[in-house]
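# Observations on the three-dimensional arrangement
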Amino acid sequence: MKVLKFGGSSVSNSENCKRVQEIIKRDYANCKQVVVVSAFGGVTDELERCINLASDRNKEYENSLFKVKERHFQVINELNLPAEIEFGTSKKFDEIAELLQGVYLLEEISQKVKNSVMGSGEILSSLIFSAYLNQCGMNTVLFDSRDFIKTQNGKGVFLNSEQTNKNLEAVKNVEFQVALFPGFIASGQKGEMTLLGRGGSDYTASILAAGLKCSELEIWTDVSGMFTADPRLVSQAQPIEQMSFQEAMELSHFGAKVIYPPTLIPVLQNKINVRIKNTFAPDEKGTLITSAPKSERSIVRGLSSINNINLFTLSGSGMVGISGFASRFFTCLAQNKINVVLITQASSEQSMSVGINEGDRALAIEAVRSEFEMEIRMNLVNEPAVEQDLSIVAVVGEDMGYTPGISGKVFSVLGRNGVNIRAMAQGGNELNITFMVPTFDVKKVLNVIHEDFFISTHKKVNLYIAGVGNVGGKLLEFMKNQYDYLLEEKGLQLIVRAVTNSRKMYFAKDENMLQDWKQKLEEESEVANLQEFVKRMDQANLRNSVFVDITASESVSKVYQQVLNSTVSIVACNKIAASSEFDNYLRIKAAAKKHNVEFMFESNVGAGLPVISTINSLIHTGDKIVGIDAVVSGSLNFIMNEFNNGKSFVEAVKMAMEQGFTEPDPKIDLSGMDVLRKLLILSREAGYKLEVKDVEHEPMIPLSCLNGETAADLIRDLEAHNDHFEAWRTVMAEKNIRYRYIASFADGKANVSLKEVTPDHPFYDIHGKDNVISLKTKWYNDQPLIIKGAGAGAEVTASGIFGDIIRITSN
Ligand SMILES: Nc1ncnc2c1ncn2[C@@H]1O[C@H](COP(=O)(O)OP(=O)(O)O)[C@@H](O)[C@H]1O
Ligand SMILES: N[C@@H](CC(=O)OP(=O)(O)O)C(=O)O
């Protein structure tokens, strides 16, 4: 004989009742089955709502009850059940209505009435379902669980197992092929209806399995087993194939709703295996809960969480070394029936903290205040402190006890994601690590731990992109092209969550807008608002988030601190932050370090060339940069090369502008400001403290050409100075030299100016928009390390930014 329990999710309408009947039919001829049903999905909640409405003297309860009644009649009609079932159902609803009317008139709910109303859902579903099974030709006997399952008084559910098991003996004398029991309901000492706790039909099934000495208990629900984490919170969660009773108990105790915690006790005591199966995919394996489960590949078996937890702390100098404090504290909580979910004590013994349910907060404060009234008055103990809006997360696995370093790994991954752990405890049995975190962070916490401990198919990378012009557009195109490759080869899933330009922004509802960002921005956007953009990114609180700045905007660079405080990494091609005042540059780097996130800006110098990463790598391995010579303006090189090829200077500038090689304001290039910023960044990354004022700087073009406001003014002024530039051509021919705009740093001195280079100089032959960076170091002394290649253009810049994103997220 085996027990099958079908939860509310399995019996929520006539269609589902038919599925359940099919499942029972599979073994109908082979073995006797004890079937436990819950109320139709959501009915218990609705009945509870009705009582609360009635006690608030809100007539709306009648309407709500009517809807519940209609739902039951719809099932009866759709299953074509006989009139006596309609009659029985109607009678039950009359009884409920009468009870509710009493509550409405008295404005009071007694526990007895509450139980009677809330337990009605199971009485109704079992009545309907047993009739349906009989109609399908199955020999089904409907039993009333209240006649067998006996509870005793106390907080929560206290099963009188001796009496229950004795009562169940009678079932063995009844002739049936299917025995149907309503779940959830039981009876007390005086025969009154009692309830086994929310989710208690699982417990009913387990009590029956133990009392009737069944071979197996099957819990049929709407998921294919106990998952590695709540599948509603962790989309990559997988069903656990096998687990021990203890592991299942820990996971369910800490919130895995799929099984009600007390359920595991009777089956554990009687060594009855439990299988969790999916009514909607009956052929899937599900989870087997057994005494000796086979090991899974991961040491951690599963994760679970409970919300609405408060951290209640008792502290004070008077607590130190005085025995009896802890016992008084816990006794006082226990006497008030306050459930303690987690305990921690500071080693100084100056404070003791416990996790309690939000609903017990007021009672706990009152009880502890009164217990320690005298000590509080004498300032030996402080007023109890309570922190709200917390959740408990449990990491569970029997093998964790034998494997060092698990808690280290858990806490380091949380640290990397900026999660503040409020309290923690490791079970003495080493079966679990539990800790409290702000509820706001729970989803993120479960997902990052899951990604680290289970064979995740992929890691999600959440991108918030500011600046979707030329370079930004290319980046998004590259990411789209590489999406499948990165997912398959690197396990990285790129998800674009939001984009903004200076006019519009679009925040994805829940989708990945990588494919259709342009259309979304075009058709469904809202007015751009940078503060709002950052605020929403912060509120989303997604793991592995990256803010990508592809603007040249100072206002965007000003939100970096805020972005990093939200534990979001930054990838910038915008140079303003890294080349701002040295203190600000340091502050931003420090904020990134503090929040365990990254601030990366490889594309600030040399676009996609590996310049900053090379400098960082040399320094990390013990080298020292002693000199830098660099031609780092792709646009200026392009202009000079076109000029050398015979174009007039102004023609060459126009070409560079048209082809998108210059900054949005070309004066930033021609003034040498862009090169100066790059030199600042290189030398700072090389370990030198340098400000703009420390750099000797001569613009590439006469100062008088830089006074205009617009690009048209610049072109006009350059044309007016044509003779100045043509004179360069003459000098170059006479001296057999070329002019290059060079950034240099040596002996603590930095300089940016136009210099002559001879044909044997490495900067003489530079093609197109190439950059050359020559690094003289302790190790590259005789021959400097030279990095050369295209240093401007949308493609190479986008590839530099893309490289940073991948480097950050594949850590
Ligand atoms: N670790 C977990 N594994 C599987 N399901 C879980 C887990 N944690 C929470 N759940 C949730 O539990 C639900 C099943 O429990 P419940 O709604 O009580 O079902 P039923 O009505 O069948 O008793 C699933 O739909 C799932 O969303
Ligand atoms: N109907 C009860 C008992 C129960 O166990 O339901 P379910 O099996 O749907 O979780 C409740 O909602 O609490």
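Computed from a prediction, not measured in an experiment: that's the story for all the values here. (Residues numbered from 1 in each chain as written. Chains lettered and ligands numbered in written order. Predicted model: local features only at pLDDT ≥ 70, side-chain atom pairs only at ≥ 80, totals over all residues.)

Take the sheet that holds strand 24 (residues 569-572) next. Reading across the sheet, the 7 strands line up as 22-21-20-19-23-24-25 and stay open at both edges, with mixed pairing between neighbours. Looking along the sheet, the strands with just one partner apiece sit at the ends: strand 22 (526-527) and strand 25 (599-600). Sheet topology places strand 23 (residues 545-549) next to strand 24; 4 bridges connect them, and they run parallel. When the bridges of strand 24 are listed, Val546 appears paired with Ser569. (Pairing = 2+ DSSP bridges. Helix = DSSP H or I, 4+ residues; strand = E, 2+ residues; numbered from the N terminus.)

Right, let's talk about the site of ligand 1 for a bit. Taken together, 20 residues lie near ligand 1, and Gly7, Thr221, Phe227, Asp230 and Val258 sit nearest. In terms of residue class, the shell around ligand 1 is built from 7 nonpolar, 9 polar and 4 charged. (Near = placed C-beta within 6 Å. Nonpolar A, V, L, I, M, F, W, Y, C, P; charged D, E, K, R; others polar.)

We note that the domain assignment places domain 1 (2-40 + 123-289), domain 2 (302-439), domain 3 (459-607) and domain 4 (612-791) within the protein. Taken over C-alpha atoms, the centre of domain 3 sits 29 Å from the centre of domain 4. With 14 residues of domain 3 at the contact, the number on the domain 4 side is 21 residues. When the residues that make up the side of domain 3 that touches domain 4 are grouped by side-chain class, the tally is 7 nonpolar, 4 polar and 3 charged. (Domains from an automatic or database assignment. Contact = placed C-beta atoms within 7 Å.)

Looking now at the site of ligand 2. The environment of ligand 2 is formed by 13 residues, the closest being Gly7, Gly8, Ser38, Thr44 and Ser201. Here the residues of the shell around ligand 2 sort into 2 nonpolar, 9 polar and 2 charged.

Pairing is mixed in the open sheet, where 6 strands are placed in the order 27-29-28-26-30-31. Two strands bound the open sheet, and with one partner strand each, they are strand 27 (695-697) and strand 31 (785-790). Strand-to-strand twist of the sheet, defined as the mean angle between neighbouring strand axes without regard to direction, takes the value 20 degrees. Relative to strand 29 (residues 749-757), strand 27 runs parallel, the two sharing 3 bridges. Pairing of Val695 across the sheet is with Ala750, part of strand 29. (Axes fitted to C-alpha atoms, helices over the stretch in contact; angles between N-to-C directions.)

We now examine the environment of Val437. Along the chain, Val437 turns up in strand 18 (residues 432-438). What makes Val437 buried here is the crowd of 23 C-beta atoms within 10 Å. With 48 residues separating them along the chain, Val437 and Asp389 place their C-alpha atoms 8.8 Å apart. (Buried ≥ 20, exposed ≤ 12 C-beta atoms within 10 Å, placed from the backbone.)

Turning our attention to unusual backbone geometry. One non-glycine residue, Thr567, lies in positive phi territory at about 50 degrees. As for its placement among the helices and strands, Thr567 is situated in the loop between helix 20 (560-565) and strand 24. We classify Thr567 as buried; it has 21 C-beta atoms within 10 Å.

The subject of this paragraph is the nonpolar core. Counting 132 residues, the largest nonpolar core has Val35, Leu100, Ile128 and Met226 as its most contacted members. Counting residues per element, this core draws most heavily on helix 6 (residues 120-135), at 8 residues. Residues from two domains meet in this core; each of domain 1 (2-40 + 123-289) and domain 2 (302-439) gives at least three. Residues contacting Leu100, with those up to four places away along its chain left out, are Cys50, Ile51, Ala54, Tyr61, Leu65 and Val117. (Core = buried A, V, L, I, M, F, W, Y, C linked by C-beta atoms within 7 Å.)

Attention now moves to helix 6. The end-to-end C-alpha distance of helix 6, which contains 16 residues, comes to 23 Å, matching closely the 22 Å that a straight helix rising 1.5 Å per residue would cover. Along helix 6, 14 of the 16 residues are buried, which leaves the element largely enclosed by surrounding structure. Looking one or two residues beyond helix 6, the residue adopting positive phi is Gly137, at roughly 90 degrees. (Expected span 1.5 Å × (residues − 1).)

Turning to the pairing of strand 20 (residues 492-500), a few remarks are in order. Of all 9 residues in strand 20, 7 are buried; the element is thus mostly enclosed. The sheet contact formed by strand 19 (residues 459-466) and strand 20 spans 8 bridges and is parallel. When the sheet's bridge partners are listed, Asn462 is paired in strand 20 with Ile495. The parallel pair strand 19 and strand 20 is bridged by helix 16 (residues 470-490), and the resulting crossover is right-handed. Examined bridge by bridge, strand 20 and strand 21 (residues 504-507) share 3 bridges and lie antiparallel to one another. When the sheet's bridge partners are listed, Thr500 is paired in strand 21 with Met505. The hairpin turn running from strand 20 into strand 21, its antiparallel successor, is 3 residues long. (Right-handed = clockwise from strand over helix to strand, strands pointing away.)

Across the protein, the average pLDDT comes to 92, with 97% of residues at 70 or higher. What the predictor reports for the complex is a pTM of 0.73 with an ipTM of 0.97. (pLDDT = per-residue confidence, 0-100.)

Turning to the packing of helix 2 (residues 43-55) against helix 3 (residues 60-78), a few remarks are in order. At their nearest, the axes of helix 2 and helix 3 sit 8 Å apart, and the two run at 160 degrees to each other. The angle between helix 2 and helix 3 falls in the class roughly antiparallel. Here helix 2 and helix 3 pass one another in a crossing that is left-handed. Contacts between helix 2 and helix 3 involve Val43, Glu46, Leu47, Arg49, Cys50, Leu53 and Ala54 from the first element and Glu60, Tyr61, Ser64, Leu65 and Val68 from the second. Its residues placed into classes, the contact of helix 2 with helix 3 shows 8 nonpolar, 1 polar and 3 charged. (Parallel < 35°, antiparallel > 145°, perpendicular 65-115°, else oblique. Left-handed = near helix turned anticlockwise from the far one by under 90°.)

Contact geometry for helix 24 (residues 649-658) and helix 27 (residues 711-720): axes closest at 9 Å, N-to-C directions at 155 degrees. As far as their axial angle goes, helix 27 and helix 24 are roughly antiparallel. Where helix 24 crosses over helix 27, the handedness of that crossing is right-handed. Every residue of helix 27 that contacts helix 24 at Phe649, Val650, Val653, Lys654 and Met657 is listed here: Ala711, Ile715, Leu718 and Glu719. Residues that form the contact of helix 24 with helix 27 fall into these classes: 7 nonpolar, no polar and 2 charged.

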